[in-house]
Amino acid sequence: MAKETDDRTQRRGGWVPYGLLSPGVVWLALFFLVPLLTLVRVSLSTQESRFEQKFSFTWEFKNYSDVLSEFGDIFLRSFGYAGIATVLCIAIGYPMAYFIAFRGGRYRNLLLGLVVVPFFTSYLVRTIAWVSIMGDEGPFLDLIRALALDGALDGIGITDNGRLLATEWAVIGGLTYNFLPFMVLPIYVSLEKIDVALVEAAKDLYSGAARSFRKVTLPMSLPGVFAGTLLTFIPASGDFINAEFLGGPKNTMIGNVVQQQFLVQNRYTSAAAISLILMVIITAGVLVYAKVLGTEDLT
Amino acid sequence: MRRNLSRRQFIGRGAAFAGAVALGPTILAACGGDDDDDAAGGSGGGGGNSLHVDSWPLYLDEESAALFEEQTGISLTYTTVVNDNNEYFATIQPSLSSGDKVDADIFVLTGWMAKRLIDLGWVDELPIADVPNAKNLVDSLVNPAWDPTGKFSLPWQSGLTGIAYNRAAAGRELMSVEDLFDPEFRGKIGFLLEMNDSLGLVLRADGVDPENVTFEQAGPAFDRVEAAVADGQIRQFTGNDYQDDLIAGNFVACVSWSGDVGQLALDEPDLAFVIPDEGGMIWSDTMLMPKGTENIEAVAEWMNFCYDPVNAARIAAYVGFLSPVQGVQEELRKSEDTAALADSEVMFPPPTADVLAFNPNLDEEERALFDDRWAEITTG
């Protein structure tokens, strides 16, 4: 296949692939690379006054150590929330995708449509809707109280003193809800590609349902889980909307800090350093994750 | 945490939106953001016959805006983009710090921020000589601490900071700042993100004079707020959206601004606003003219219009805060509809009212210490 492509490319002239690439490359250079370099520069600069955007580039690595010591716990909290939300997304999303792919039958497209429907309203509106639904006097807690489950939820730490909003579970719940479709869709795609004959073959070879799932279906769907995890974990780690609306002052995520540092405190150098640390940690995490799970099949 | 959807925004009931619609396409366009502002301002741009004002939500009634345009022939672009002093500052800072002009001819910011802008030299002297009605400024706001010469700023409205609470939910009358720290209300208490207001009240409870407070003296009050966050007493730091939480029953009590609760109480009679026994806070928002403003004549016309007692009374009746214009109380008394407002202790606090301003003389270095400590507490 690769050879064929090479041949064709040569016939049409070597510039074609570059020509095709150039819009993307120019776009990325202008709107990703240049801003990224600016960010690196600002993160290593000193800001003379917080009222002016004058930076002198001084290799100020102290910016990094400062924000790490100041906001280290918030970094951990963000990755913790995003990690739990991702696991919950897999736990909820995998069975959903499995059901749609293998049991959906003629309703498959309808079911997939239902997964995507919430995307027709804005992210912000969906999150703010949760504020009403989960409010202290809102329908969800009304139901919980009617079922006399409020004591139990308090007991296991889901609610705090009978409230759900302004708790960590509200933020994690919001993240899970908002990113669930990003998990379901890629898993669905990878499950849907599986040749049912392979599963049948496993069963013919005396594998039980659980074993054939573990040995055949699950490994073949891992690329979907991998893609879904990236699509969920990365944006969830940097998210600030859920913490802003559903969390309290003890549930701040790193995205809120970046927003605060850039747009309220005018501390550009700190904000840039935090953003880059976040980027580096996520990239490193993804590389490790890719190494462990393997990406050859990831398409 | 829910930040900066702040003061006077979202006064519930969609009134802001309704107001914007009624004010017509100019203001709607103006609400949309920078690009739209340009488009709207462009109608009379540079000709001296237009005026662009950036202010807070629900701070001007539509009738006054229309009347101003009618009487002066000046096309008014009035936006409500100011939701938070610091956030607005961050939007104008890039232009003003590099000597460029901003879209607004006038912006309305709180006294401490006015001081910063005056000190930075980012605002021009107002054309006070062309504002004959400026003589109506109440005595207490002549040459205020943030602008000792009185040349750079003209107050828009003042307000009080106290406690708003839901009588039914609290089960009793709340009279004290200490009630905000009552474990009975754990997780049901809101504080304002605006440090001067929230910290100010706690300082008063601690018996520290907020007008002269130093960073060191504020230490115990900061610690107290921090502890209340840590043990879950304070549920949330909010801007003006505290009103939503009060109505939804998420807050039993919160630090709040005086004008808002009066409007909310019309629909929710259980809501009350009190100046706590330990005393409350007072603040002023003030009009400023950014450096390089060209529509100076229009600026003078606008200020003169707003300082006319009849117009000022109409605006005061709508916003419910403290008008800085003399004669407003008398004007309100003249009409049956507004006579009750003239007796409102929230709009016209008696001279004995125990309210103090937050230290207006902090230099920027010390202010930064306050800001950083406050940010540390509010962002957990």
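It should be noted that the structure appears before, not after, this text.
Please read these numbers as outputs of a predicted model, since none were measured by experiment. (Residues numbered from 1 in each chain as written. Chains lettered and ligands numbered in written order. Predicted model: local features only at pLDDT ≥ 70, side-chain atom pairs only at ≥ 80, totals over all residues. Heavy atoms only, no water.)

Enquirer: A description of the overall build of chain B should follow, citing residues and the corresponding values.
Expert: In terms of helices and strands, chain B carries 16 helices and 10 strands. Here chain B holds 380 residues, and 60% of them are scored as buried. When contacts within chain B are restricted to residue pairs at least 6 apart in sequence, long-range pairs at least 24 apart make up 78% of them. Accessible surface, chain B as shown: approximately 13,900 Å² in total, 52% of it carbon and sulfur. (Helix = DSSP H or I, 4+ residues; strand = E, 2+ residues; numbered from the N terminus. Buried < 20%, exposed > 50% of the residue type's maximum accessible area, 1.4 Å probe, protein only. Contact = heavy atoms within 4.5 Å. Areas by Shrake-Rupley, 256 points an atom, 1.4 Å probe, with all protein chains shown as cover.)

Enquirer: Which residues make up the overall build of chain A, and what are the values?
Expert: Helix and strand content of chain A: 13 helices and 2 strands. Over its C-alpha atoms, taken along the principal directions, chain A stretches across nearly 75 × 70 × 35 Å. Across the 299 residues of chain A, 41% fall into the buried class. Within chain A, residue pairs in contact and separated by at least 24 positions form 68% of the contacts whose partners lie at least 6 positions apart. As displayed, chain A offers around 16,300 Å² of accessible surface, 69% of which is attributable to carbon and sulfur atoms. The average position of the 23 basic charges and that of the 24 acidic charges among the side chains of chain A differ by 7 Å. (Lys, Arg positive; Asp, Glu negative; His and termini not counted. Charge placed at Lys NZ, Arg CZ, Asp CG, Glu CD.)

Enquirer: Explain the interface of chain A and chain B residue by residue, including any values.
Expert: On the side of chain B, 39 residues touch chain A, which itself brings 31 residues to the contact. Buried surface at the junction of chain A and chain B, both sides included, amounts to about 2,900 Å², of which 44% is carbon and sulfur. For the chain A face of the interface with chain B, the top three residues by lost area are A:Arg50, A:Phe51 and A:Pro249, together amounting to 24%. Where chain A meets chain B, there are 6 salt bridges. A salt bridge links A:Arg50 to B:Asp371, with the shortest nitrogen-to-oxygen separation between them at 3.0 Å. (Buried area = accessible area lost by both parts, 1.4 Å probe. Salt bridge = Lys/Arg side-chain N within 4 Å of Asp/Glu carboxyl O.)

Enquirer: Can you tell me about empty space enclosed by the protein, naming the residues and giving the values?
Expert: All names here are of chain B. For the structure shown, the criterion picks out 4 cavities of 30 Å³ or more. A volume near 70 Å³ is recorded for the second largest cavity. The wall of the second largest cavity is formed by Trp 112, Lys 115, Arg 116, Asn 359, Pro 360, Leu 362, Glu 364 and Arg 367. Of all elements in the fold, only α6 (111-120) and α16 (364-378) reach the threshold of two or more residues within the lining of the second largest cavity. Take the lining of the second largest cavity: its biggest share by element is 3 residues, from α6. Of the residues contributing to the lining of the second largest cavity, the split by class is 3 nonpolar, 1 polar and 4 charged. Here the lining of the second largest cavity spans two domains, and each of domain 1 (7-20 + 29-158 + 282-349) and domain 2 (162-280 + 356-379) adds at least three residues to it. (1 Å grid on protein atoms, 1.4 Å probe; cavity = no way out; pocket = protein on both sides within 12 Å on 5 of 7 lines; lining within 4 Å. Points joined across faces, edges and corners; volume = space filled by probe spheres on them. Nonpolar A, V, L, I, M, F, W, Y, C, P; charged D, E, K, R; others polar. Domains from an automatic or database assignment.)

Enquirer: Quick rundown of the layout of surface pockets? Include the residues and the values.
Expert: The rolling of a water-molecule-sized probe over the atoms marks out the regions of remaining empty space. Residues and elements named next belong to chain B. In this structure, the second largest pocket encloses a volume near 790 Å³. Looking at the second largest pocket, it is lined by 37 residues, and the ones nearest its centre are Ser 140, Leu 141, Ser 158, Ile 282 and Ser 284. Where the lining of the second largest pocket is concerned, the elements lending two or more residues are α6, α8 (195-205), β9 (280-288), α14 (328-334) and β10 (355-356). When residues of the lining of the second largest pocket are assigned to their parent elements, the largest contribution, 4 residues, is made by β9. The residue makeup of the lining of the second largest pocket, split by class, is 24 nonpolar, 11 polar and 2 charged. Of the residues that make up the lining of the second largest pocket, three or more belong to each of domain 1 (7-20 + 29-158 + 282-349) and domain 2 (162-280 + 356-379).

Enquirer: Can you lay out the nonpolar core for me, pointing to particular residues and giving the numbers?
Expert: Formed by 115 residues in total, the largest nonpolar core has its most connected members in B:Leu51, B:Phe107, B:Leu117, B:Phe191, B:Leu199 and B:Trp302. Counting contributing residues per domain, this core is built from domain 1 (7-20 + 29-158 + 282-349) and domain 2 (162-280 + 356-379) of chain B, each supplying no fewer than three. A:Tyr81, A:Val171, A:Leu175 and A:Tyr188 belong to the second largest nonpolar core, which has 28 residues in total. (Core = buried A, V, L, I, M, F, W, Y, C linked by side-chain atoms within 4.5 Å.)

Enquirer: Quick one: what's the story with the environment of A:Gln53, residue by residue and with numbers?
Expert: Among the structural elements, A:Gln53 can be located in the loop between β1 (45-47) and β2 (55-57). On the accessibility criterion, A:Gln53 (29% relative accessible area) is partly exposed. Discounting chain neighbours no more than four positions away, the residues touching A:Gln53 are A:Tyr268, B:Gln93, B:Pro94 and B:Ser97.

Enquirer: Which residues make up the packing of aromatic side chains, and what values go with them?
Expert: With the rule as written, the count across this model stands at 34 aromatic pairs over all chains. Their ring planes at 25 degrees and their centres at 6.1 Å tell us that A:Trp59 and A:Phe61 sit as a pair that is stacked. Of the two residues, A:Trp59 and A:Phe61, neither departs from the other in class, the shared state being exposed. Taken together through their ring pairs, the aromatic side chains of B:Tyr59, B:Phe68, B:Trp156, B:Tyr242, B:Trp257, B:Trp283, B:Trp302, B:Phe305 and B:Phe321 make up a single cluster. (Phe/Tyr/Trp six-rings, centres within 6.5 Å; stacked < 30°, edge-to-face > 60°.)

Enquirer: Please provide a residue-by-residue account of the packing of helix α3 (residues 62-103) of chain A against helix α13 (residues 268-293) of chain A, values included.
Expert: All names here are of chain A. The interhelical angle for the contact between α3 and α13, taken along N-to-C directions, is 55 degrees, at an axis separation of 10 Å. One finds that α3 runs oblique with respect to α13. Like other packed secondary-structure pairs, α3 and α13 cross with a definite hand, here right-handed. Contacts from Asn 63, Tyr 64, Val 67, Leu 68, Phe 71, Phe 75 and Phe 79 of α3 reach α13 at Thr 269, Ser 270, Ala 273, Ile 274, Leu 276, Ile 277, Leu 278, Ile 281 and Ile 282. In the contact of α3 with α13, the residues fall into 13 nonpolar, 3 polar and no charged. (Axes fitted to C-alpha atoms, helices over the stretch in contact; angles between N-to-C directions. Parallel < 35°, antiparallel > 145°, perpendicular 65-115°, else oblique. Left-handed = near helix turned anticlockwise from the far one by under 90°.)

Enquirer: Tell me about a nonpolar patch on the surface, and name the residues and values.
Expert: Side chains of A:Val26, A:Trp27, A:Leu28, A:Leu30, A:Phe31, A:Phe32, A:Leu33 and A:Leu37 sit close together on the surface and give an oily, nonpolar patch of about 870 Å² of accessible area. According to the relative accessible area criterion, A:Leu37 is exposed, its value standing at 56%. (Patch = residues over 30% accessible without salt bridge, like charges linked within 9 Å, V, L, I, M, F, W, Y side chains within 5 Å.)

That's the geometry; what it means functionally is another story.
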